[in-house]
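Remarks on the overall topology
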Amino acid sequence: MDKEKMASWIDANWNAYLEDTMTLMRIPSVSVKTSGKHPFGKACADVLDSAIEIGRRMGFQTENHEYYCASIVMPGTGSGEIGIFAHMDVVPEGTGWTNPPYEPCIKDGWLFGRGSADDKAPAVAALYAMKLLQESGIQLRHSVRMFLGANEENGMEDIQYYVLKHKAPDFSFTPDAPFSVCFSEKGIIQAEFSTTIPDEILEFTAGTAANAVAGSARVRMKKTEMPYVNRERWPQISVHQDENEIIVEAEGRSAHAAFPEGSVNAAAMLAGYLCESGLLSDQSKQRILYLYEKYSGYDGAEIGIEAKNEELGDLTAVMSMVQSREGKLVQVINIRYPATQKAEDIYKGLHHAAALYGWTCTQFKNDAPSYMPPDHPMVCKLDAICREHLGETLKPYAMGGGTYARHLPNAVGYGPNIRGMKKPCPQGHGGGHQPDECANLCVLRESIMIYARAMVAIDTWLNQEGQLKKKM
């Protein structure tokens, strides 16, 4: 495909791309599981309707899959299918925005607003790549199906619904990751352990999300003498009395469970202090000590499940929440493990470590890892296309985050984000789940060309593979 002609086409359609993207970004499509016609809420239904209308206006075939998800299809000349899997739901807006989260704006070459990076602007970039092929007269043998989900951020029931009812494409990519090519996603385990709440504790609360390191923690305890706090050892611990209670609080440093480097677990810190404070009996101390001794770090070493893998990334294990519920103390942990490990072995390690302190497993969910060999022909080809447009420093990688690719055969993550790219925001802003979420417009423009070339390359490779199978 001629780069100059593609660039001219994008120039002519750029304003339309921005308008369509902003139309979708204005819809506050936070996925909320409901009953009835709209399984993930009215806003998610509205954004699927709007996306379908854009696809229909472009002349593509469209389908609403009972508001679980939607499809926009560019028919091929033969059989088989290429998949592009993106999502239209977003995380809650949160606080701390410079501009309103659902009023997208452009400033200094960046598009700001919820969904700009994750995943509305990337999805529309891939859709415009389909339109580029269509209007350039380039016909693929394989149909191209753009899947638009509505529950990616809150359980992925959308894609689970789809793959139960429909055949998966022959090869797929999801525009919901950094460039170059994500060839493997770690497995994700979410588990809960519980124990009887110590008599001295009235309430224990730590963390706010199952997929993030607990950044703050607070415990209410029956009133006793005010404990001493060694400020050198416990600088982030505060203690005060409130009528008949003692309140102990800890401030740590949160991070996404997939990228816990540099985090400080407030729940573990609070547990460690409580065990030294004199506020707990020896029996109670044993149960609380588990939280400190096993989950102050995030590499699983103290639990006995540590795993290092240069190619696929190391195992991470974080305590995300601790809550008191109906006489129980409940711990939530989130583990990301490389494809070389077995979930059963991790479970055994977790169970053994917890049992020593009087904790038992009450829930264990495993989302298996995805893997495609990094020397797979399509990984190599997609990587080469990407580097032609964005530079030779990018390379294929594995990650701890989760995308639709893990629910599909022959699927990879493929841009359009770029790791380490400096954003025009203060620290803690600008990312996909952060306030002032933003995306670089130059990268989005290039991604339209990258995705168009990728579809041609995938179609060519699938055709060649089909011919080889016929000869065998």
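See above for the structure.
Residues numbered from 1 in each chain as written. Predicted model: local features only at pLDDT ≥ 70, side-chain atom pairs only at ≥ 80, totals over all residues. Heavy atoms only, no water.

**Overview of unusual backbone geometry**
In this structure, the amide linkage connecting D118 to the following residue, D119, adopts the cis form with an omega of 10 degrees. With respect to the secondary-structure elements, D119 resides in the loop between β5 (110-112) and α3 (120-135). With an omega of 5 degrees, the peptide bond between G415 and P416 qualifies as cis. If you trace the backbone, P416 turns up in strand β21 (residues 416-417). Backbone geometry places D108, a non-glycine residue, at a positive phi of 55 degrees. (Helix = DSSP H or I, 4+ residues; strand = E, 2+ residues; numbered from the N terminus.)

**Remarks on the sheet that holds strand β11 (residues 201-206)**
Spatially, β13-β14-β12-β11-β15-β16-β10-β17 is the arrangement adopted by the eight strands of the open sheet, whose pairing is antiparallel. The open sheet has two free edges, formed respectively by β13 (237-242) and β17 (360-367), since each of these has just one partner strand. With direction set aside, neighbouring strand axes in the sheet form an average angle of 15 degrees. Bridge count for β11 against strand β12 (residues 216-222) is five bridges, and the pairing is antiparallel. Note on β12: the bridge partner recorded for A206 is A217. (Pairing = 2+ DSSP bridges. Axes fitted to C-alpha atoms, helices over the stretch in contact; angles between N-to-C directions.)

**A look at the state of the cysteines**
For the structure on display, the rule yields zero disulfides. Unpaired in terms of disulfides, C69 finds its nearest cysteine sulfur in C44, a separation of 12 Å. Relative accessible area serves as the criterion here: at 0%, C69 is assigned to the buried category. Not engaged in a disulfide, the cysteine C182 finds its nearest cysteine sulfur in C386; these two sulfurs lie 13 Å apart. (Disulfide = S-S within 2.5 Å. Buried < 20%, exposed > 50% of the residue type's maximum accessible area, 1.4 Å probe, protein only.)

All quantities given are derived from atomic positions and should not be read as evidence of function.
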